[in-house]
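Chain and residue survey
These are the residues of each chain, in order.
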Amino acid sequence: MHLHKYEKIWLIFGIGILFVFLGVVGVGAFAMGHQPASSIKTIDPEKVAETAPFDNPGLVHIEGNKYELNLVAEGFAYTPNTIQIPKDAVVTINVATKDVVHGFSIAGTNVNMMVEPGYVSSYTQTFSKTGEFLVLCNEYCGAGHHLMTAKVEVTE
Ligand code: CUA
């Protein structure tokens, strides 16, 4: 079989890129331990209200400046709806939904999660700026989607 010179170059380039891609994905997955974020913690979506810590949602002090914030999302509200957080707190946010897919994003921060039925979405954020932050649902979840908000108050 005769291959044109440019065909050979493209073939080598294509195969090379494939191995670079597999290398990047492989190093990320096996050496650095990157995993899909949403499949770590699961929850029975029918029993969110009875499952700890979502049976008693809110901010929990762990130690020092470490906190845990557990929230329940459902059409079309978050529980709790107003959250007070002390400045410089390192907060691990856990959100579970009782019904459909919702979003959980805090405007002006890196917090932006999709909340899927059956899974607990978690993200750790340091709140180093005081003020009021708007929490928004950014996944269309029904007729009241645009009303689905909450408030985070970071105080001294
Ligand atoms: Cu919940 Cu949109």
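Procedures and definitions
Residues numbered from 1 in each chain as written. Predicted model: local features only at pLDDT ≥ 70, side-chain atom pairs only at ≥ 80, totals over all residues. Heavy atoms only, no water. Pairing = 2+ DSSP bridges. Helix = DSSP H or I, 4+ residues; strand = E, 2+ residues; numbered from the N terminus. Axes fitted to C-alpha atoms, helices over the stretch in contact; angles between N-to-C directions. Phe/Tyr/Trp six-rings, centres within 6.5 Å; stacked < 30°, edge-to-face > 60°. Buried < 20%, exposed > 50% of the residue type's maximum accessible area, 1.4 Å probe, protein only. Patch = residues over 30% accessible without salt bridge, like charges linked within 9 Å, V, L, I, M, F, W, Y side chains within 5 Å. Areas by Shrake-Rupley, 256 points an atom, 1.4 Å probe, with all protein chains shown as cover. Salt bridge = Lys/Arg side-chain N within 4 Å of Asp/Glu carboxyl O. Contact = heavy atoms within 4.5 Å. UniProt positions renumbered as here; feature names shortened; annotations may be inferred.

1. Concerning the sheet that holds strand 11 (residues 149–155)
- In spatial order, the strands read 5-11-10-7-8; together these five strands make up an open sheet with mixed pairing. In the strand order of this sheet, the two ends are held by strand 5 (82–86) and strand 8 (112–115), each with one partner. Here the strands of the sheet are splayed against their neighbours by 20 degrees on average, with no regard to which way each runs.
- Where strand 7 (residues 102–106) lies against strand 8, four bridges are found, and the strand directions are antiparallel. Bridged to G103 within strand 8 is M114.

2. Some thoughts on the packing of aromatic side chains
- Summed over all chains, the structure comprises two aromatic pairs.
- Ring centres 5.4 Å apart and planes at 85 degrees place the aromatic pair W10 and F13 in the edge-to-face group. In this pair, W10 and F13 both sit in helix 1 (residues 5–31), three residues apart, roughly one turn of the helix.
- Classification of W10 as exposed rests on a relative accessible area of 60%.

3. A few points about a nonpolar patch on the surface
- Together, L11, I15, L18, F19, F21, L22 and V25 line one region of the surface with nonpolar side chains, adding up to about 710 Å² of accessible area.
- Assignment of secondary structure puts I15 in helix 1.

4. Observations concerning the side chain of Q125
- With respect to the element layout, Q125 can be found in strand 9 (residues 119–127).
- Judged by relative accessible area, which is 12%, Q125 ranks as buried.
- With sequence-adjacent residues up to four places away left out, Q125 is seen in contact with A89, V90, V91, T109, N110 and V111.

5. Focus on the UniProt feature "transmembrane region" (unreviewed entry) in the protein
- Sites flagged by UniProt as "transmembrane region" (unreviewed entry) map to residues 9–32.
- The span residues 9–32 carries 96% helix and 0% strand; its end-to-end C-alpha distance comes to 33 Å.

6. Some words on the side chain of E153
- Note on placement: E153 falls in strand 11.
- In this structure, E153 is in contact with T82, I83, Q84, I85, G131 and E132, ignoring residues within four places of it in sequence.

7. Here's the deal with the pairing of strand 8
- Judged by which residues are buried, strand 8 turns out to be one-sided: M113 and V115 face inward and are buried, whereas N112 and M114, on the alternate face, are not.
- Between strand 7 and strand 8, which follow one another and run antiparallel, lie five residues, and G108 among them has a positive phi close to 85 degrees.

8. Notes on the environment of V48
- Tracing the backbone shows V48 in the loop between strand 1 (41–42) and strand 2 (58–63).
- For the pair V48 and V95, spaced 47 residues apart in sequence, the C-alpha separation works out to 10 Å.
- If we skip the residues at most four places from it in the chain, V48 touches I43, F54, D55, V72, A96, T97 and K98.

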